[in-house]
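Analysis of the macromolecular model
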Amino acid sequence: MNSPTIQAVAFDLDGLMFDTEALFFRVAAEMLEERGKVFTKEIMAQMIGRQAPVAGLAFKTMAGLDESVDALMLEARGRFNDLLDEAVHPTPGLFTLLDHLADRRYPIAVATSSRRAFAEGILTRHKLIDRFQFLLTAEDVTRSKPDPEIYQKAAERFGLDPGALLVLEDSPAGTTAARTSGAFVVGVPHEHSPAEALGKAHKLIPRLDAPALMALLP
């Protein structure tokens, strides 16, 4: 595919802008260890990028747990929030990319499977929320990633054809959702979402300030 003419950019949140996936892996691993089980990369692969009810069901089923999804997710959320401020950081290159986009007046948004309260909270703590034109969260869609609904809605909110939207994603579910919407997809692999899992991306980059990404955003 030839490089598109980009008019707006949509960011995923977890794992893409903040290293939340590493903390979630730690929390989930500790929960299963206490239950005499092991949290595997295969379980993580079925959870990453998805809304909490979907991820929770995969966690329960694949780990062979008897507790309810709601109880497991409540415990996981509590453990996660207890460590959030000390353990989660912006990903490499995030601020450089945001400054680049602001200097060139690209409209930007967040499109995440997380709930609005969490997304607004973490963006506010890092003084980033005002940089984005809008946020789309779990409450704004009826079908979660890998369904393309959230990125179709993002393009609509921007008033653009999806082909003019660049999406930044780190998960298989997210890259599939973005690609199916018709957007141009740039994937950013990491430890919990390797490059080979992001086959739906048009381009892969090692970090958010990679020259290959900047070249798409002149």
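Residues numbered from 1 in each chain as written. Predicted model: local features only at pLDDT ≥ 70, side-chain atom pairs only at ≥ 80, totals over all residues. Heavy atoms only, no water.

Another aspect to go through is the overall build of the chain. When helices and strands are tallied, the chain shows nine helices and six strands. Its C-alpha atoms put the chain at 50 × 30 × 30 Å along the principal axes. Each of the 218 residues in the chain was classed as buried or not, and the buried ones make up 50%. Sequence separation of at least 24 residues holds for 63% of the intrachain contacts in the chain that already meet a minimum separation of 6. Counting every atom, the chain has about 10100 Å² of accessible surface; 51% of that belongs to carbon and sulfur. (Helix = DSSP H or I, 4+ residues; strand = E, 2+ residues; numbered from the N terminus. Buried < 20%, exposed > 50% of the residue type's maximum accessible area, 1.4 Å probe, protein only. Contact = heavy atoms within 4.5 Å. Areas by Shrake-Rupley, 256 points an atom, 1.4 Å probe, with all protein chains shown as cover.)

The computed volume of the largest pocket comes to approximately 650 Å³. In this structure, the largest pocket is lined by 27 residues; those nearest its centre are Asp14, Phe24, Ala52, Ser114 and Phe118. Counting residues per element, the ones that place at least two in the lining of the largest pocket are helix H1 (20-34), helix H2 (41-47), helix H3 (52-63), helix H4 (69-87) and helix H6 (116-125). At six residues, H4 tops the list of elements feeding residues into the lining of the largest pocket. Here the residues of the lining of the largest pocket are counted per class, giving eleven nonpolar, eight polar and eight charged. (1 Å grid on protein atoms, 1.4 Å probe; cavity = no way out; pocket = protein on both sides within 12 Å on 5 of 7 lines; lining within 4 Å. Points joined across faces, edges and corners; volume = space filled by probe spheres on them. Nonpolar A, V, L, I, M, F, W, Y, C, P; charged D, E, K, R; others polar.)

With that out of the way, let us pick up helix H7 (residues 149-158). Residues Glu149, Ile150, Tyr151, Ala154, Ala155 and Phe158 constitute the buried set of H7. Backbone geometry just downstream of H7 places Gly159 in the positive-phi region, at approximately 75 degrees.

Ordered by their spatial adjacency, six strands build an open sheet running S3-S2-S1-S4-S5-S6, and the pairing between neighbours is parallel. The open sheet has two free edges, formed respectively by strand S3 (134-136) and strand S6 (203-204), since each of these has just one partner strand. Direction of pairing for strand S5 (residues 184-187) relative to S6: parallel, over a ladder of two bridges. Pairing of Val186 across the sheet is with Lys203, part of S6. Against the sheet, helix H5 (residues 94-103) contacts strand S1 (8-11), strand S2 (108-111) and strand S4 (165-169), and its axis sits at roughly 155 degrees relative to S1. Sitting on the sheet, H7 touches S1, S2, S3 and S4, and the angle it makes with S3 is about 160 degrees. (Pairing = 2+ DSSP bridges. Axes fitted to C-alpha atoms, helices over the stretch in contact; angles between N-to-C directions.)

By the criterion of burial, S4 is predominantly enclosed, with five of the five residues buried. The pairing of S1 with S4 spans four bridges and is parallel. The partner of Ala10 across the bridge, within S4, is Val167. Bridge count for S4 against S5 is four bridges, and the pairing is parallel. Residue Leu166 lies in a different strand from S5, and its bridge partner there is Phe184. Viewed along the sheet, the connection from S4 through helix H8 (residues 172-181) into S5 turns out right-handed. (Right-handed = clockwise from strand over helix to strand, strands pointing away.)

Bringing the environment of Ala154 into the picture now. With respect to the helices and strands, the residue Ala154 is situated in helix H7. Taking the C-alpha atoms as reference, Ala154 lies 30 Å from Gly78; in sequence the two are 76 residues apart. Discounting residues that sit within four places of it in the chain, Ala154 has contacts with Phe134, Leu136 and Leu165.

Once that is clear, we can look at the pattern of salt bridges. With the rule as written, the count across this model stands at 16 salt bridges. The closest approach of N and O atoms between Glu75 and Arg35, which form a salt bridge, is 2.6 Å. Here Arg35 lies in the loop between H1 and H2 and Glu75 lies in helix H4, a separation of 40 residues in the sequence. Residue Lys153 pairs with Glu149 through a salt bridge whose shortest N-O separation is 3.4 Å. One end of the pair is Lys153 and the other is Glu149, both in helix H7 and four residues apart, which spans about a single turn. Judged by its relative accessible area of 31%, Lys153 is partly exposed. One salt-bridge network, held together by shared partners, links Glu34, Arg35, Glu67, Glu75 and Arg79. (Salt bridge = Lys/Arg side-chain N within 4 Å of Asp/Glu carboxyl O.)

Geometric descriptors of this kind do not, in isolation, establish any biological role.
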